[in-house]
Amino acid sequence: MTKISTQLSAVHERMHAACRAAGRPPEAVALLAVSKTFGADAVQAAFEAGQTAFGENYIQEAVEKISALKHLPLVWHCIGPLQSNKTRLVAEHFDWVHTVDRLKIAQRLSEQRPVGLRPLQVCIQVNVDAGPTKAGVPPDQALVLAQAVAGLPRLQLRGLMCIPEPASDHATACQVFERARALLTDLNAQGLKLDTLSMGMSADLEAAIASGSTLVRVGSAIFGTRHYPA
Ligand SMILES: *Cc1c(COP(=O)(O)O)cnc(C)c1O
């Protein structure tokens, strides 16, 4: 077993234990392996250990990896901040985007999504804890944005994503994640059909799963410590 396959198994164990504790079936929560800063070799090792969904933050870095691994049946999720000048690359190369928080960005993604590809799968990022510098739509504006995004032809709105500030304990983390779950329930009560709650990372996936996450985004627990270029 490689180090990555061992760590991937350990993450699956944590997810299963969290599902058991929450009375949820293990297949209720999927794993997104966050491979930012790691090379195509690391992604390939995780794929050989059974992982097919990968998350990336930096568009240029991601596009190189996606091209290098074109021969593998991988699903790529963009989980980094989105600027207008990067939407075309995202629309052309990714399967999912988690970080839509403005209609203008969603409109560009829809216009730029090539017709030969299935609609881009989209989550709206919500700022559930009113973090000062963080991206994400305020919860009270999520319904209006979700209804507009759901109407765009080349996108399929799947759900909500959040990145709360790290909490000091499990109960506090759960309280914040529960706001995202409650918002998803509200949006569905308004007629939307959302099935995805993208929340939970290496440090807090248990709290996220206890609070209804359907997709945890895990990087360092699988690939190790990240080193950013200076
Ligand atoms: C980097 C990143 C992750 C993974 O974080 P880890 O703590 O390494 O698991 C998850 N989500 C987003 C949006 C990220 O940028």
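Source: prediction; values computed, not measured.

(A) Examining helix α5 (residues 103–112) more closely. When we look at burial in α5, the residues that qualify are Ile 105, Ala 106, Leu 109, Ser 110 and Gln 112. Residues of α5 that are buried sit in contact with α4 (87–93), β4 (96–100), β5 (120–125), α6 (142–150) and β6 (155–161).

(B) Region of the structure containing the site of the ligand. Inspection of the region around the ligand gives 13 residues, with Lys 36, Asn 57, Ser 202, Ser 220 and Arg 226 positioned closest. Here Arg 217 contributes a side-chain N or O atom positioned 2.9 Å from a nitrogen atom of the ligand. The separation between an oxygen atom of the ligand and a polar main-chain atom of Gly 219 is 2.8 Å. Within the complex, 89% of the 390 Å² of free accessible area of the ligand lies under protein. Split by residue class, the shell around the ligand holds 6 nonpolar, 4 polar and 3 charged.

(C) Structural view of the pairing of β4. Burial runs high along β4: 5 of the 5 residues are buried. As defined by bridge partners, strand β3 (residues 75–78) adjoins β4 across 2 bridges and the pair is classed as parallel. Following the sheet pairing, Cys 78 is matched in β4 by Val 97. For the segment spanning β3, α4 and β4, crossover handedness is right-handed.

(D) Spotlight on the packing of aromatic side chains. With the rule as written, the count across this model stands at 3 aromatic pairs. With 6.4 Å between their ring centres and 90° between their planes, Tyr 58 and Tyr 228 make a pair best called edge-to-face. Placement of Tyr 58 in the loop between β2 (53–56) and α3 (59–68) and of Tyr 228 in the segment after α9 (220–223) is noted, with a sequence separation of 170 residues between them. Owing to a relative accessible area of 37%, Tyr 58 belongs among the partly exposed residues under this scheme.

(E) Seen up close, the nonpolar core. Leu 109, Ile 124, Val 149, Ile 222 and Phe 223 are the most contacted members of the largest nonpolar core, which totals 68 residues. Broken down by element, this core gets its largest block of residues, 8 residues, from helix α7 (residues 170–189). With residues near it in sequence (within four places) discarded, Phe 223 still touches Ile 4, Gln 7, Ala 33, Val 34, Ser 35, Phe 38, Ala 42, Val 43, Ala 46 and Phe 54. Core analysis: the next-biggest nonpolar cluster, separate from the first, contains 5 residues, Leu 32, Ala 53, Ile 79 and Leu 215 among them.

Conventions and cut-offs
Residues numbered from 1 in each chain as written. Predicted model: local features only at pLDDT ≥ 70, side-chain atom pairs only at ≥ 80, totals over all residues. Heavy atoms only, no water. Buried < 20%, exposed > 50% of the residue type's maximum accessible area, 1.4 Å probe, protein only. Helix = DSSP H or I, 4+ residues; strand = E, 2+ residues; numbered from the N terminus. Contact = heavy atoms within 4.5 Å. Near = heavy atom within 4 Å. Polar contact = N/O pair within 3.5 Å; in protein donor to acceptor, adjacent residues only side chain to side chain. Areas by Shrake-Rupley, 256 points an atom, 1.4 Å probe, with all protein chains shown as cover. Nonpolar A, V, L, I, M, F, W, Y, C, P; charged D, E, K, R; others polar. Pairing = 2+ DSSP bridges. Right-handed = clockwise from strand over helix to strand, strands pointing away. Phe/Tyr/Trp six-rings, centres within 6.5 Å; stacked < 30°, edge-to-face > 60°. Core = buried A, V, L, I, M, F, W, Y, C linked by side-chain atoms within 4.5 Å.

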